[in-house]
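# Structure at a glance
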Amino acid sequence: MKILFSEHAEREKNIRKGFRFLRHEISFKAFTPENIKANDLAIPLTMCDLRNLAQMKDFKNDLIPIPALLVIDICDDKYLFGQVLNEKGFGDVVPKIGRGLPYPYMLKKKVAQSGDDCYVISNAEQEKEFEDLINDHNTFCQQIIPGNDEYATHIVFKGHKITSSINVKYLF
């Protein structure tokens, strides 16, 4: 199978390593219509490439469903994702969002990757130091859930049914 990954210098080495003993032919190129048509499967590695793929009218991918733009936007914006979970009845199992949270709490950029632009606010002095960011409409404050473990769940839906899922536990 010919698999096209979108360009992502930081992830390419590990992906190549993971595919080294497999029979698939992989490449890392721009997601142009020509490059996509020349491959059996296109896998976006950035939200920008995922959005572009979702907007390509002629693109059809039966192997990995590409979500609608609204779903991409919800998943990319941490604040919006939290709001949607609250609206859908999951408010009691997700960290609280808003002002007046007890210390320590997280100050996060709404759209960021890999913990970038996240700050732990531990006291009033730090709160004052980060006041401009706290008041920035592109950031939000979120309750910290104490613990040493972090989990992520990835679910693939096709035809409104779960076709595969994986739960990952991160150890620190």
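Above: the structure in question.
Residues numbered from 1 in each chain as written. Predicted model: local features only at pLDDT ≥ 70, side-chain atom pairs only at ≥ 80, totals over all residues. Heavy atoms only, no water.

With that settled, consider the pairing of strand β7 (residues 149-158). It is a general feature of regular strands that their side chains alternate between the two faces of the sheet. In terms of strand pairing, β7 meets strand β8 (residues 161-171) through ten bridges, oriented antiparallel. Residue pairing for β8: Glu150 is matched across the bridge by Tyr170. Linkage of β7 to β8, two consecutive antiparallel strands, is achieved through a turn of two residues, within which Gly159 is found at a positive phi near 60 degrees. (Pairing = 2+ DSSP bridges. Helix = DSSP H or I, 4+ residues; strand = E, 2+ residues; numbered from the N terminus.)

What follows covers the packing of aromatic side chains. Scanning all chains against the criterion turns up five aromatic pairs. On the numbers, 4.9 Å between centres and 40 degrees between planes, the contact of Tyr119 with Phe130 is tilted. One end of the pair, Tyr119, is in strand β5 (residues 118-121); the other, Phe130, is in the loop between α6 (124-129) and α7 (131-134), with eleven residues separating them in the sequence. Accessibility expressed as a relative area gives 28% for Tyr119, which makes it partly exposed. Residue Phe130 is classed as buried on the basis of its relative accessible area of 17%. Connected via pairs of aromatic rings, a cluster forms that spans Phe5, Phe19 and Phe28. The ring of Tyr79 carries the charged tip of Lys110 above its face, separated from the ring centre by 4.6 Å. (Phe/Tyr/Trp six-rings, centres within 6.5 Å; stacked < 30°, edge-to-face > 60°. Buried < 20%, exposed > 50% of the residue type's maximum accessible area, 1.4 Å probe, protein only. Lys NZ or Arg CZ within 6 Å of the ring centre and 35° of its normal.)

For the rest of this paragraph, the subject is helix α5 (residues 78-90). For the α-helix, the turn length of 3.6 residues means that residues three or four positions removed from each other point alike. The terminal C-alpha atoms of α5, which comprises 13 residues, lie only 15 Å apart, well short of the 18 Å expected from a rise of 1.5 Å per residue. The residue sitting at the N-terminus of α5 and contributing the capping side-chain oxygen is Asp77; that oxygen lies 3.0 Å from the backbone nitrogen of Tyr79. (Expected span 1.5 Å × (residues − 1). Polar contact = N/O pair within 3.5 Å; in protein donor to acceptor, adjacent residues only side chain to side chain.)

This part takes up the environment of Lys108. As for its placement among the helices and strands, Lys108 is situated in strand β4 (residues 105-109). Residue Lys108 is classed as buried on the basis of its relative accessible area, which comes to 17%. A C-alpha to C-alpha distance of 9.0 Å links Lys108 and Leu133, two positions 25 residues apart in sequence. Among all residues touching Lys108, those that are not within four sequence positions of it are Lys78, Asp117, Cys118, Asn138, Thr139, Phe140 and Gln142. Within polar-contact distance, the side chain of Lys108 engages the side chain of Gln142 at 2.6 Å. (Contact = heavy atoms within 4.5 Å.)

For the rest of this paragraph, the subject is the side chain of Asp77. Relative to the elements of secondary structure, Asp77 occurs in the loop between α4 (69-76) and α5. Lys110 provides the closest opposite charge to the buried, salt-bridge-free Asp77, at an N-O distance of 5.8 Å. When neighbours within four sequence positions are excluded, Asp77 is seen to be in contact with Lys110 and Val111. (Lys, Arg positive; Asp, Glu negative; His and termini not counted. Salt bridge = Lys/Arg side-chain N within 4 Å of Asp/Glu carboxyl O.)

On to the sheet that holds strand β6 (residues 139-143). To summarise the sheet geometry, strands pair through backbone hydrogen bonds and adopt either a parallel or an antiparallel arrangement. Reading across from one edge, β5-β4-β6 is the order of the three strands in this open sheet, with antiparallel pairing throughout. Two strands close off the open sheet at either side, each with one partner strand: β5 and β6. Averaged over all neighbouring strand pairs, the angle between strand axes comes to 25 degrees, with direction disregarded. Note that β4 and β5 share four bridges and pair antiparallel. Bridged to Lys108 within β5 is Cys118. (Axes fitted to C-alpha atoms, helices over the stretch in contact; angles between N-to-C directions.)

Relative orientation of the contacting elements α4 and α5 amounts to 105 degrees, with a least axis distance of 5 Å. Relative to α5, the element α4 lies roughly perpendicular. Only Lys78, Leu80, Phe81 and Val84 of α5 make contact with α4, whose side of the interface consists of Asp73, Ile74, Cys75 and Asp76. Across the contact of α4 with α5, the residue classes break down as five nonpolar, no polar and three charged. (Parallel < 35°, antiparallel > 145°, perpendicular 65-115°, else oblique. Nonpolar A, V, L, I, M, F, W, Y, C, P; charged D, E, K, R; others polar.)

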